[in-house]
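Okay, here's what each chain looks like letter by letter:
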Amino acid sequence: MRGDQKAFESLYNSFYEDIYRFVRYFLSESDAQEVVSDVFFKVWCNRDKLGYVTNFRSYLYTIARNESYNYLRLLKRIQNIPLDELPVSLTINEECVEGLLIEKEMIEVYNQAVEELPERCKLIFLMVREEKLKHKDIAEILSITTGTIEQQMNIAIRKISDTVRTHYPQLLVSNDKLKIG
């Protein structure tokens, strides 16, 4: 990609949404747009060194994390993003009003449970479940071990399951599925 603007444009179009969504875990919408621009500017400025990068996705997420932290330090504030602002895609049976209300309530309970997770635990959970990143990539991005990720995921799933179970005792909650019992 040495100076090739079309290649950079393709890279930008391929990764922009993922990096933007990731940065939104740390920052507000307007701040995230600025930081994402900084991330891609940094990639462009260091394009001659990209040949040495073995995992570009992790490299990009690491820059995004560092730029987000630097931005927060600069502003000397930390801002949490409500989960209801994150895009959620669900298939809903429009004909069943009761079903809609129950599903909406369940989503609110789930979102609240995720929101109540400790900050690091929540970040790891969202990176695994929402961003669909591999444990190895997350470990590299956050500079932690894969064992720590597994521990944090176990904590997150246990806490979310406990919250869901309190609101819906008739449901059997497992790691990945909810079953009516």
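Rules used throughout
- Residues numbered from 1 in each chain as written.
- Predicted model: local features only at pLDDT ≥ 70, side-chain atom pairs only at ≥ 80, totals over all residues.
- Heavy atoms only, no water.
- Helix = DSSP H or I, 4+ residues; strand = E, 2+ residues; numbered from the N terminus.
- Buried < 20%, exposed > 50% of the residue type's maximum accessible area, 1.4 Å probe, protein only.
- Contact = heavy atoms within 4.5 Å.
- Core = buried A, V, L, I, M, F, W, Y, C linked by side-chain atoms within 4.5 Å.
- Expected span 1.5 Å × (residues − 1).
- Arc of directions from axis to C-beta.
- Phe/Tyr/Trp six-rings, centres within 6.5 Å; stacked < 30°, edge-to-face > 60°.
- Salt bridge = Lys/Arg side-chain N within 4 Å of Asp/Glu carboxyl O.

### Here's the deal with the side chain of T163
- Take T163: it is sitting in helix α7 (residues 146-167).
- Classification of T163 as buried rests on a relative accessible area of 18%.
- Residues contacting T163, with those up to four places away along its chain left out, are V109 and A113.

### With respect to the nonpolar core
- Of all hydrophobic cores here, the largest spans 47 residues; its most connected members are I19, F22 and F125.
- Every element with two or more residues in this core is listed here: α1 (5-24), α2 (29-45), α3 (56-75), α4 (97-115), α5 (119-129), α6 (135-142) and α7.
- Every residue in contact with F22, bar those within four places of it in the chain, is listed here: Y61, A64, R65, L123, M127, E131 and I141.

### Focus: α2
- Given a rise of 1.5 Å per residue, 17 residues ought to cover 24 Å, and the 24 Å separating the end C-alpha atoms of α2 matches this to within 8%.
- Residues of α2 that are buried: D31, A32, V35, V36, V39, F40 and V43. Considered in projection along α2, the buried side chains sweep an arc of 165° and stay on one side of the axis.
- In this fold, the buried residues of α2 make contact with α1 and α3.

### Focus: the packing of aromatic side chains
- On inspection of all chains with the given rule, the structure shows 13 aromatic pairs.
- An angle of 65° between the planes, with centres 5.4 Å apart, marks the rings of F15 and F56 as edge-to-face. Of this pair, F15 sits in helix α1 while F56 is found in helix α3, placing the two residues 41 residues apart along the sequence.
- Residue F15 is classed as buried on the basis of its relative accessible area of 17%.
- What makes F56 buried here is its relative accessible area of 18%.

### Remarks on the pattern of salt bridges
- This structure, assessed with the given rule, holds seven salt bridges.
- Across the pair D18 and R57 runs a salt bridge whose closest N-O atoms are separated by 3.6 Å. One end of the pair, D18, is in helix α1; the other, R57, is in helix α3, and 39 residues separate them in sequence.
- D18 sits in the buried class, given a relative accessible area of 18%.

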